Amino acid sequence: MEGTIKRHWEYICNHNKEKMKILGDKNVDSKCEDSENKFDFSVMSYNILSQDLLEDNSHLYRHCRRPVLHWSFRFPNILKEIKHFDADVLCLQEVQEDHYGTEIRPSLESLGYHCEYKMRTGRKPDGCAICFKHSKFSLLSVNPVEFFRPDVPLLDRDNVGLVLLLQPRIPSTASPALCVANTHLLYNPRRGDIKLTQLAMLLAEISSVAHQKDGSFCPIVMCGDFNSVPGSPLYSFIKEGKLNYEGLAIGKVSGQEQSSRGQRILSIPIWPPNLGISQNCVYEVQQVPKVEKTDGDPTQTQLDKTEVLVTPEKLSSHLQHHFSLSSVYSHYFPDTGIPEVTTCHSRSAITVDYIFYSAEKEDVAEKPGAEVALVGGLKLLARLSLLTEQDLWTVNGLPNENNSSDHLPLLAKFRLEL
């Protein structure tokens, strides 16, 4: 039997408060104080490794004992992890359709989750799921995103996204909705043009779903396997809200490999006008959702979309988005500078999985020109620690006897101030 990996909760805000109290510091940062007007919730993002993809890419798992690769062994382990961490929201990637229908969805429903699923297009057997606790949220809208577009030759891949609008269940208290997005972007390291376009499509849908009547956006959590490493142009675009891609090689967008392949330069613009998405990553005919409850049932909604014309822009090598997004994880261990790892198999051990969130204004630096307009924002309370590549090889990498995907689950605890 292999050893087990040790992960612990890192407390971001309350931990510091308690530490300062112990040291006698009375000037505790007020934003760390407990508040009655708050809504706390937890999020897990987890690429659970589709069985079909595992078998199609068996060369990545030569280090594994055969029995640990069988679905009949892996699924009970994955379900055990989900039960143990008991997150309020689950964003799952590589969810195989047949397993979802027969085992995954029924098992999660029995644990009190409502599940929504978007299968990849074409003949791909897996997709993305977002599941949330009935006890914590009600469902306002479901918004699947297909990145395949037959009318856009660039977009010939079958990846998808899923965006939900959720209403926190808070008795007699008005609270903003929460927008939760989940995706699995294209893997191919040499097609950064496709990855950036897929990301822009997801951001446009988030902008539409999270947009509120007063012009602001509700808080956002964006999870997934982005097939891009920390510090890469794609990652930096998410975090900084802007990217000048003039002269950028397509093969350098995701930072997955440092080879000389894929040195074709990104075209300006990256995607054609008929995609209908601006360089600011919004729909050029902006769809502003107005949610109306029907028959008093908050889970049943009608989604009316008001069209607002967006002025076409001049050709530019500048991409922007209007969200102020932070990463739950810092991606490097502060004491050593060694990288954190979210996925590990025979070929590589890197970070490609993320939980991004719209941080409170105090938690982020001002971003010139970003035009961020958020209601409230989220405070990161805690995150489940990640590991180094060396840590993972002490248990024979991933998957292993106790961890049944080639990715680690990411977990975060948030506070929404009301």
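Just above sits the structure.
All values reported here derive from a predicted model rather than from experimental measurement.

Visitor: Requested: an account of the pairing of strand S9 (residues 220–225), with residues and values cited.
Guide: Burial of S9 is extensive: six of the six residues sit out of reach of the surface. Burial along S9 is two-sided: the face carrying Ile220, Met222 and Gly224 and the face carrying Val221, Cys223 and Asp225 are both buried. Pairing geometry for strand S8 (residues 178–184) and S9, over six bridges, is parallel. Following the sheet pairing, Thr183 is matched in S9 by Gly224. Once the chain exits S8 it traverses helix H5 (residues 192–210) before rejoining the sheet at S9, and the crossover so formed is right-handed. Where S9 meets strand S17 (residues 353–358), five bridges bridge the pair, whose relative direction is antiparallel. Paired with Val221 across the bridge in S17 is Tyr357.

Visitor: Describe in detail the nonpolar core, supporting the description with residues and values.
Guide: By size, the foremost hydrophobic cluster in this structure holds 60 residues, and its most contacted members are Phe41, Val89, Leu90, Leu108, Val221, Ile355 and Phe414. Contacts of Ile355, omitting those with residues within four sequence positions, involve Val43, Ser45, Val221, Met222, Cys223, Ser326, Ser327, Val328, Leu410, Leu411, Ala412 and Phe414. Among the nonpolar cores identified, the runner-up in size contains 50 residues, and Ile194, Ala204, Ala210 and Leu275 belong to it.

Visitor: Help me get a handle on the packing of helix H3 (residues 71–85) against helix H4 (residues 97–110), residues and values and all.
Guide: Two numbers describe how H3 lies on H4: the axes approach to 11 Å, and their chain directions differ by 25 degrees. The orientation of H3 with respect to H4, classified from their angle, is roughly parallel. Helix-helix and strand crossings are classified by hand; for H3 and H4 the assignment is right-handed. Counted together, Trp71, Phe75, Leu79 and Ile82 of H3 and His99, Glu103, Ile104, Ser107 and Leu108 of H4 form the full contact between these two elements. Considering only residue class, the contact of H3 with H4 consists of six nonpolar, two polar and one charged.

Visitor: Which residues make up the layout of surface pockets, and what values go with them?
Guide: The calculated volume of the largest pocket comes to roughly 880 Å³. Around the largest pocket, the lining comprises 33 residues; the ones closest to its centre are Asn57, Leu60, Glu94, Tyr187 and Asn227. For the lining of the largest pocket, a count of residues per class yields ten nonpolar, twelve polar and eleven charged. Lining the second largest pocket we find 15 residues, and of these Ile5, Glu81, Phe85, Asn402 and Asn403 sit closest to its centre. For the lining of the second largest pocket, the element with the highest residue contribution is H3, accounting for five residues. When grouped by side-chain class, the residues that make up the lining of the second largest pocket number six nonpolar, five polar and four charged.

Visitor: I'd love a proper account of the sheet that holds strand S5 (residues 126–133), names of residues and values included.
Guide: In spatial order, the strands read S1-S18-S19-S2-S3-S5-S4; together these seven strands make up an open sheet with mixed pairing. Of all the strands in the sheet, the pair left with one neighbour each is strand S1 (9–11) and strand S4 (113–119). In this sheet, neighbouring strand axes are inclined to one another by 25 degrees on average, regardless of whether the strands run parallel or antiparallel. Direction of pairing for strand S2 (residues 38–47) relative to strand S19 (residues 410–417): antiparallel, over a ladder of eight bridges. Within S19, the position partnered with Val43 by the bridge is Ala412. Contacts between H3 and the sheet are confined to S2, strand S3 (89–96), S4, strand S18 (378–384) and S19, with S2 contributing the most and set at about 165 degrees to the helix.

Visitor: Explain the packing of aromatic side chains to me, using residue names and the numbers behind them.
Guide: For the structure on display, the rule yields 13 aromatic pairs. Measuring from ring centre to ring centre gives 5.6 Å for Phe226 and Phe356, while their planes differ by 80 degrees; the resulting arrangement is edge-to-face. Of this pair, Phe226 sits in the loop between S9 and helix H6 (233–240) while Phe356 sits in strand S17; the two residues are 130 residues apart in sequence, bridging distant segments of the chain. Using a relative accessible area of 0% as the deciding quantity, one classes Phe356 as buried.

Visitor: Describe the pattern of salt bridges, and please don't skip the residues or the numbers.
Guide: Applying the stated rule across the entire model yields 14 salt bridges. In this structure, Asp151 and Arg149 form a salt bridge, with 3.0 Å as the shortest nitrogen-oxygen distance. Given the relative accessible area of 22%, Arg149 is considered partly exposed. The residue Arg264 makes a salt bridge to Asp193 at a minimum N-O spacing of 3.9 Å. A residue pair is termed long-range when its members are at least 10 positions apart, and Arg264 in the loop between strand S10 (242–244) and strand S11 (285–294) and Asp193 in helix H5 qualify at 71 residues. Exposure remark for Asp193: the relative accessible area of 6% places this residue in the buried category. When salt bridges with common partners are traced through the structure, they connect Arg191, Asp193 and Arg264 into a single cluster.

Analysis parameters
Every chain is numbered on its own, with residues counted from 1 as its sequence reads. It should be noted that, the model being predicted, local features are given only for residues of pLDDT at least 70 and side-chain atom pairs only at 80 or more, the latter also being counted only at that level, while totals for whole chains, interfaces and linings use all residues. The side-chain values count all of the structure's non-hydrogen atoms but skip hydrogen atoms and water molecules. Under the scheme applied here, a residue whose accessible area is under 20% of the maximum for its type counts as buried, over 50% as exposed, and between as partly exposed, the area being computed with a 1.4 Å probe on protein chains only. For the purposes of this entry, the term helix denotes a DSSP run of H or I that reaches at least four residues, the term strand denotes a run of E that reaches at least two, and both are numbered from the N terminus. One bridge is not enough; two strands pair if DSSP finds at least two bridges between them. By definition, the crossover connecting two strands over a helix is right-handed if that path, from the first strand to the second, turns clockwise as seen with the strands pointing away from the viewer. Take the buried residues of types Ala, Val, Leu, Ile, Met, Phe, Trp, Tyr and Cys, join any two whose side-chain atoms come within 4.5 Å, and each joined set is a nonpolar core. We call two residues in contact whenever any of their non-hydrogen atoms come within 4.5 Å of each other. Every angle, taken between N-to-C directions, lies between 0 and 180 degrees, and every axis is a line fitted to C-alpha atoms, over only the stretch in contact when it is a helix. In this scheme, roughly parallel covers angles under 35 degrees and roughly antiparallel covers those over 145, while 65 to 115 is roughly perpendicular and the rest are oblique. When the near helix sits turned anticlockwise from the far one by under a right angle, the crossing is termed left-handed; a clockwise turn instead gives a right-handed crossing. Residues are sorted three ways: Asp, Glu, Lys and Arg are charged, Ala, Val, Leu, Ile, Met, Phe, Trp, Tyr, Cys and Pro are nonpolar, and all the rest, Gly among them, are polar. Put plainly, a pocket is an open set of points on a 1 Å grid over the protein atoms alone with protein on both sides within 12 Å along at least five of seven lines, a cavity is a set where a 1.4 Å probe fits but cannot get out, and a lining residue has an atom within 4 Å of a point. Grid points are joined across faces, edges and corners, and a volume is the space filled by probe spheres set on the points. For this analysis, a ring pair means two rings from Phe, Tyr or Trp (six-membered ring only for Trp) whose centres lie within 6.5 Å, classed as stacked if their planes differ by under 30 degrees, edge-to-face if by over 60, and tilted for the remaining angles. The term salt bridge refers to a side-chain nitrogen of Lys or Arg lying within 4 Å of a carboxyl oxygen of Asp or Glu.

What is shown is where atoms sit, not what they do.
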